[in-house]
Amino acid sequence: MQRTVRVALTGSSGQIGYSILPRIAAGDVFGKDTKVILQLFEITPAMQALEGVVMELLDGAYPLLEDVKTSDNPEVAFDGANWALLIGSKPRSKGMERGDLIRENGPIFVGQGKAMAKAADDIRVLVVGNPANTNALIGMHNSDIPHERWHAMTRLDENRAKAQLAIKASVPVSKVTNMTIWGNHSATQYPDTENAQIDGKPAQDVISHIEWLQGEFITKVQKRGAEIIAARGLSSAASAANAAIDHVKSFESATPTGDWFSAAVPSDGSYGIDKGLLFSFPLRSDGNGNWEIVQGLPMSDFAKEKVEATKKELLEEKSVVSDLLG
Ligand code: NDP
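Not measured: the values here are computed from a predicted model. (Residues numbered from 1 in each chain as written. Predicted model: local features only at pLDDT ≥ 70, side-chain atom pairs only at ≥ 80, totals over all residues. Heavy atoms only, no water.)

Right, let's get into the environment of V320. Here V320 shows up in helix α12 (residues 301-320). Of the residues examined, V320 reaches a relative accessible area of 33% and is grouped as partly exposed. Each C-alpha atom of the pair V320 and N133 lies 13 Å from the other, and the pair is 187 residues apart in sequence. If sequence neighbours within four positions are ignored, V320 has contacts with G99, I102 and R103. (Helix = DSSP H or I, 4+ residues; strand = E, 2+ residues; numbered from the N terminus. Buried < 20%, exposed > 50% of the residue type's maximum accessible area, 1.4 Å probe, protein only. Contact = heavy atoms within 4.5 Å.)

Of the two faces of strand β5 (residues 124-127), the one carrying R124 and L126 and the one carrying V125 and V127 are both buried. The pairing of strand β4 (residues 83-86) with β5 spans four bridges and is parallel. Within β5, the residue paired with L86 across the bridge is V127. Handedness of the β-α-β unit built from β4, helix α4 (residues 98-114) and β5 comes out right-handed. Across three bridges, β5 lies against strand β6 (residues 150-152) in parallel orientation. When the bridges of β6 are listed, L126 appears paired with H151. (Pairing = 2+ DSSP bridges. Right-handed = clockwise from strand over helix to strand, strands pointing away.)

A separate point is the domain arrangement of the protein chain. One frequent convention defines the size of an interface as the accessible area lost when the parts assemble. Under the domain assignment, the protein chain is made up of domain 1 (3-152) and domain 2 (155-320). A C-alpha centroid distance of 23 Å is found between domain 1 and domain 2. Roughly 2600 Å² is buried in total at the junction of domain 1 and domain 2, and carbon and sulfur atoms are behind 62% of that figure. At the surface where domain 1 touches domain 2, the tally comes to three salt bridges. Put simply, E252 and R124 hold a salt bridge, and the shortest N to O gap is 3.3 Å. Linking domain 1 with domain 2 are 14 residue pairs in polar contact (both at pLDDT 80 or more). Listed by contribution, the elements that provide at least two residues to the side of domain 1 that touches domain 2 are α1 (15-25), β4, α4, β5, α5 (132-141) and β6. Among the residues making up the side of domain 1 that touches domain 2, the classes are represented as 15 nonpolar, eight polar and seven charged. (Domains from an automatic or database assignment. Buried area = accessible area lost by both parts, 1.4 Å probe. Salt bridge = Lys/Arg side-chain N within 4 Å of Asp/Glu carboxyl O. Polar contact = N/O pair within 3.5 Å; in protein donor to acceptor, adjacent residues only side chain to side chain. Nonpolar A, V, L, I, M, F, W, Y, C, P; charged D, E, K, R; others polar.)

With that settled, consider α1. For α1, the complete set of buried residues consists of I16, G17, I20, L21, I24 and A25. Down the axis of α1, the smallest arc covering the buried residues is 135 degrees, so these residues share one side. Where α1 is buried, its residues meet β1 (3-10), β2 (34-41), α2 (47-59), β3 (65-71), β4 and α11 (237-252). Among the residues trailing α1, G27 stands out with phi positive, at a value near 90 degrees. (Arc of directions from axis to C-beta.)

The subject of this paragraph is the site of the ligand. In the vicinity of the ligand, 23 residues are found, and the nearest of them are Q15, I16, E42, N130 and S236. At 2.7 Å from an oxygen atom of the ligand is found a main-chain nitrogen or oxygen belonging to Q15. Residue S236 places a side-chain N or O atom 2.9 Å away from a nitrogen atom belonging to the ligand. Elements that contribute at least two residues to the shell around the ligand include exactly α1, α4 and α6 (155-169). (Near = heavy atom within 4 Å.)

A few words on the pairing of β1. Here β1 pairs with β2 via seven bridges, running parallel. Each bridged residue has a counterpart across the sheet, and for L9 the counterpart in β2 is L40. Tracing the backbone out of β1, into α1 and back to the parallel element β2 gives a crossover that is right-handed. Here four bridges tie β1 to β4, and the two strands are oriented parallel to one another. Residue pairing in the sheet places L9 in a bridge with L85 of β4.

Right, dumping it as structure tokens:
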């Protein structure tokens with residue numbers, strides 16, 4: 001019998017929503033043998049815009065799209081969902097500090113965590129809306145869903161890092177593997193080239209320009225979002241949507257032998273990261289809903305310092321929302 005997956009999405013009428021929905025409907029995420037029911041949440045003022053998105057989804061006449069439901073009630077949107085993609089989040093307004101943004105968004109994720117009570121038993125949750133790691137931490141603490149099913153997205157950072165290494169080494173991006181993003185989806189994230197590979201060889205042997213790897217490369221990955229806004233006048237919604245798709249596919253399938261992918265998941269204490277912190281690690285998935293953190297990767301003092309800095313930022317974010325962690 002053909003499988004049907006229920007996908008709940010928040011931020012459904014936003015830029016990323018607009019890029020990701022047609023691709024889910026077309027079978028780019030769950031495959032060409034899986035039917036999809038979309039359960040779209042929006043805040044009440046955006047429900048009219050969402051109607052337009054739904055019209056376009058219907059006009060796509062996607063054979064795999066079984067139904068599209070909309071609601072401004074998160075409990076309705078998450079009812080029976082197998083995956084929840086939490087994309088909606090209040091944007092940072094002028095003059096707002098990161099701490100203010102965290103406080104503004106925190107209550108949204110308290111409510112959404114609680115609203116998942118009637119989700120499917122196997123639900124997994126990907127948080128994209130920023131500040132993604134801490135939003136996911138808040139949602140996780142306010143839901144009954146096993147903690148290991150809560151993730152935050154660092155896949156766009158991984159993809160950006162792979163793209164930059166591929167350009168520098170003049171190879172197709174598919175040759176870049178074993179790329180880890182450590183820590184927070186923020187400017188403190190650490191893209192690790194000490195353990196990355198290019199065409200099966202250590203990346204730092206292929207690109208021996210260590211000053212570039214430890215300097216311009218890291219800055220480029222960290223600031224890529226701003227670079228795209230400056231060039232396009234709009235944020236990088238298409239690549240963010242693509243990264244969310246890659247994220248779900250990585251958890252839905254077995255990771256190729258020898259490789260790994262990056263996502264923020266609750267730490268089990270690996271690499272000295274405080275237990276429970278939503279931290280981006282190198283991961284492997286068995287394709288049956290189980291994942292593990294890749295163990296034993298070597299780190300130079302430079303890498304340790306970077307990982308420590310991003311951990312410190314996440315602990316600070318956590319302390320800002322400690323009252324929301326149940
Ligand atoms: P987008 O669809 O462009 O972005 C949505 C979220 O994803 C933002 O938090 C954004 O962070 C984050 N994001 C992560 N990676 C990227 C990336 N590479 N490029 C862009 N964004 C990224 O936002 P829109 O403004 O178009 O839409 C916002 C949506 O959120 C609307 O649907 C709105 O209704 C909804 N919303 C929901 C709320 C709720 O659930 N209560 C409250 C407020 C809004 P960043 O801002 O840092 O770019």
